[in-house]
Amino acid sequence: MGDPFDPEFTKLLVCPKCKEPVELRQDLSGFFCRNCKLLFKVEGNIPNFIIEQAHRWEEPHGNG
Ligand SMILES: [Zn+2]
């Protein structure tokens with residue numbers, strides 16, 4: 001068993017909000033949309049692409 005996500009499959013995944021490609025996080029915890037700064041969590045190897053349940057991801061240098 002390798003990665004739970006096939007690279008050919010994840011390449012096809014896009015943000016449901018802006019339709020831009022999403023990035024699989026290195027720890028496989030979710031898919032991130034740079035455009036919307038939304039993290040779509042992976043739950044039980046199933047990506048949750050429900051916008052209302054996505055987590056807003058703020059840049060570390062946001063509140064200087
Ligand atoms: Zn997006």
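Refer to the preceding data block for the structure.
As the structure is a computational prediction, the values presented were derived from the model and not from experiment. (Residues numbered from 1 in each chain as written. Predicted model: local features only at pLDDT ≥ 70, side-chain atom pairs only at ≥ 80, totals over all residues.)

Peer 1: For the overall build of the protein, give the residues involved together with the corresponding values.
Peer 2: Scanning the protein for helices and strands turns up one helix and five strands. Counting from the amino terminus, the protein carries its helices and strands in the arrangement α-β-β-β-β-β. Across the 64 residues of the protein, 12% fall into the buried class. (Helix = DSSP H or I, 4+ residues; strand = E, 2+ residues; numbered from the N terminus. Buried ≥ 20, exposed ≤ 12 C-beta atoms within 10 Å, placed from the backbone.)

Peer 1: Mind laying out the pairing of strand β2 (residues 30–33), listing which residues take part and the relevant values?
Peer 2: Summarising the sheet, strand β1 (residues 23–24) and β2 pair through two bridges and their orientation is antiparallel. Residue pairing in the sheet places Glu23 in a bridge with Phe32 of β2. Between β1 and the antiparallel strand that follows it, β2, lie five residues; Leu28 among them carries a positive phi value of about 60°. Where β2 and strand β3 (residues 38–43) come together, four bridges link them in antiparallel fashion. Counted as the bridge partner of Phe32 is Leu39 from β3. Between the end of β2 and the start of β3, which pair antiparallel, lie four residues, with Lys37 showing a positive phi angle near 55°. (Pairing = 2+ DSSP bridges.)

Peer 1: Could you give an account of the nonpolar core, with specific residues and numbers?
Peer 2: Judged by nonpolar contacts, Cys15, Val22, Phe31, Cys33, Leu38, Phe40 and Ala54 together constitute the single largest core of seven residues. At the level of elements, β2 and β3 are the ones that each hand at least two residues to this core. Leave out the neighbours within four places in its chain, and Cys33 touches Cys15, Cys18, Glu20, Val22 and Leu38. (Core = buried A, V, L, I, M, F, W, Y, C linked by C-beta atoms within 7 Å. Contact = placed C-beta atoms within 7 Å.)

Peer 1: Pulling in residues and values, what's your account of unusual backbone geometry?
Peer 2: The phi angle at Leu28 is positive, at roughly 60°, despite the residue not being glycine. You can see Leu28 is positioned in the loop between β1 and β2. On the neighbour-count criterion, Leu28 (12 C-beta atoms within 10 Å) is exposed.

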